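Architecture and fold: a report
Listed here are the chains, written in short residue letters.
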Amino acid sequence: MRTYVEVARATARRMSTYRGATFAGVFTNTVFGFLLAYVLIAVFRERGSIGDFDVVDAVTFTFVAQGLAMPVGVFGNDNEQAERIVTGEVAMDLCRPYDYQGWWAAVAFGKASFYLWARGIPPLLVAALAFDLRLPGAAATWLAFLVAVVLAVGVAFAFRFLVQLVAFWLVDVRGPNQVAWITGGFLSGMWAPLALFPDGIEPLVRALPFASMIGLPIEVFLGMHEGADLAGIYALQALWLVVLLAAGRMVLAR
């Protein structure tokens, strides 16, 4: 276990050296947050509420989603694992005395630990100056959100691990990667709250693994899930984590 903790720490330190890229990313996330927020404000101006969401919830959702985009990795721009497969460096990785899937999981959590504060907090702080946001008022809600985020990072990693393994069969994984993450980003609630999906589709979207990456954790942030309902959210995230990790091991074995 110590090996993977050190891998996560080293990865976080490596990410912290890219200060220019981090600043540019914060700027981009903030600008996109404002654009999406004003779109949702226009939508809610016509309808006071949609499901359990009002305009304050929707704007808060938008900026929390922008803050989670990089920690969770829903942009699908991390192809490091696939690149090592294509170049053949994976042969050395598989010979080393550690679990291959565990190594990349540690890398994912290392990146997330850096991006959560470096890319997650600044857009939310800027938004708080410009909009009325609904922030958790209780420490228990913040803790519940943190647990949901940890599970979200795990689910996203397990899905990304599967997609990157396509490089064993294809020379260039950019196509499958883009299709997977454009679909995943849309269905995760990255661009709009899950409550805005049509009534006949929303339950299915919530049951898919993508909602566990962005949409459901943010609803926990907004205090929409408590008690048994919150436990159900965790159970769904944990179920998808186990299923996707198991699928990744099966594909890797092939």
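Residues numbered from 1 in each chain as written. Predicted model: local features only at pLDDT ≥ 70, side-chain atom pairs only at ≥ 80, totals over all residues. Heavy atoms only, no water.

On a plain count of helices and strands, the protein comes out with 12 helices and 2 strands. Secondary structure elements of the protein, listed N to C terminal, follow the sequence α-α-β-β-α-α-α-α-α-α-α-α-α-α. For the protein, the C-alpha radius of gyration of 18 Å lies close to 18 Å, the compact-globule estimate for 254 residues. With the principal axes as the frame, the protein shows a C-alpha extent of 60 × 40 × 35 Å. (Helix = DSSP H or I, 4+ residues; strand = E, 2+ residues; numbered from the N terminus. Rg over C-alpha atoms; globule rule 2.2 N^0.38 Å.)

The biggest cluster of nonpolar side chains holds 54 residues, and the ones touching the most others in it are Leu68, Val72, Phe131, Phe159, Met213, Ile214 and Ile218. Counting residues per element, the ones that place at least two in this core are helix H2 (19–46), helix H3 (55–72), helix H7 (121–130), helix H8 (139–164), helix H9 (174–188), helix H11 (215–221) and helix H12 (227–253). Considering every element that reaches this core, the biggest residue donor is H8, with 12 residues. The residues touching leucine 68, leaving out its near neighbours within four places in the chain, are Gly73, Leu116, Phe145, Val149, Ile214 and Ile218. With 15 residues, the next largest nonpolar core counts Val90, Tyr100, Val107 and Val173 among its residues. (Core = buried A, V, L, I, M, F, W, Y, C linked by side-chain atoms within 4.5 Å. Buried < 20%, exposed > 50% of the residue type's maximum accessible area, 1.4 Å probe, protein only. Contact = heavy atoms within 4.5 Å.)

Orientation of helix H6 (residues 100–118) relative to H8, taken along the N-to-C sense of each, is 130°, at an axis distance of 10 Å. Comparing the axis directions of H6 and H8 gives the class oblique. In this structure, H6 crosses over H8, and the sense of that crossing is right-handed. Only Val149, Val150, Val153, Gly154, Phe157, Arg160 and Phe161 of H8 make contact with H6, whose side of the interface consists of Tyr100, Gln101, Trp104, Ala105, Ala108, Phe109, Ala112 and Leu116. Residues that form the contact of H6 with H8 fall into these classes: 12 nonpolar, 2 polar and 1 charged. (Axes fitted to C-alpha atoms, helices over the stretch in contact; angles between N-to-C directions. Parallel < 35°, antiparallel > 145°, perpendicular 65-115°, else oblique. Left-handed = near helix turned anticlockwise from the far one by under 90°. Nonpolar A, V, L, I, M, F, W, Y, C, P; charged D, E, K, R; others polar.)

Once that is clear, we can look at the environment of leucine 162. The topology assignment puts leucine 162 in helix H8. Along the sequence, leucine 162 and aspartate 132 sit 30 residues apart, while their C-alpha atoms lie 39 Å from each other.

Quick look at the packing of aromatic side chains now. Applying the stated rule across the entire model yields 18 aromatic pairs. Ring plane angle 20° and centroid distance 4.4 Å describe the contact between tyrosine 98 and tryptophan 103, whose orientation is recorded as stacked. Accessibility expressed as a relative area gives 16% for tyrosine 98, which makes it buried. With a relative accessible area of 26%, tryptophan 103 lands in the partly exposed category. (Phe/Tyr/Trp six-rings, centres within 6.5 Å; stacked < 30°, edge-to-face > 60°.)

Moving on: the pattern of salt bridges. Here the structure, examined in full by the defined rule, presents 13 salt bridges. Here arginine 84 ties to glutamate 89 by a salt bridge, and the two come within 3.5 Å at their closest N and O atoms. It is possible to trace a salt-bridge network through shared partners that takes in Arg14, Asp78, Glu80 and Lys111. (Salt bridge = Lys/Arg side-chain N within 4 Å of Asp/Glu carboxyl O.)

Taken together, the side chains of Phe27, Val31, Phe32, Leu35, Phe75, Phe186 and Trp191 define a hydrophobic patch exposed on the protein surface, amounting to about 700 Å² of accessible area. For the nonpolar patch, the element with the highest residue contribution is H2, accounting for 4 residues. With relative accessibility at 42%, the residue phenylalanine 32 sits in the partly exposed group. (Patch = residues over 30% accessible without salt bridge, like charges linked within 9 Å, V, L, I, M, F, W, Y side chains within 5 Å. Areas by Shrake-Rupley, 256 points an atom, 1.4 Å probe, with all protein chains shown as cover.)

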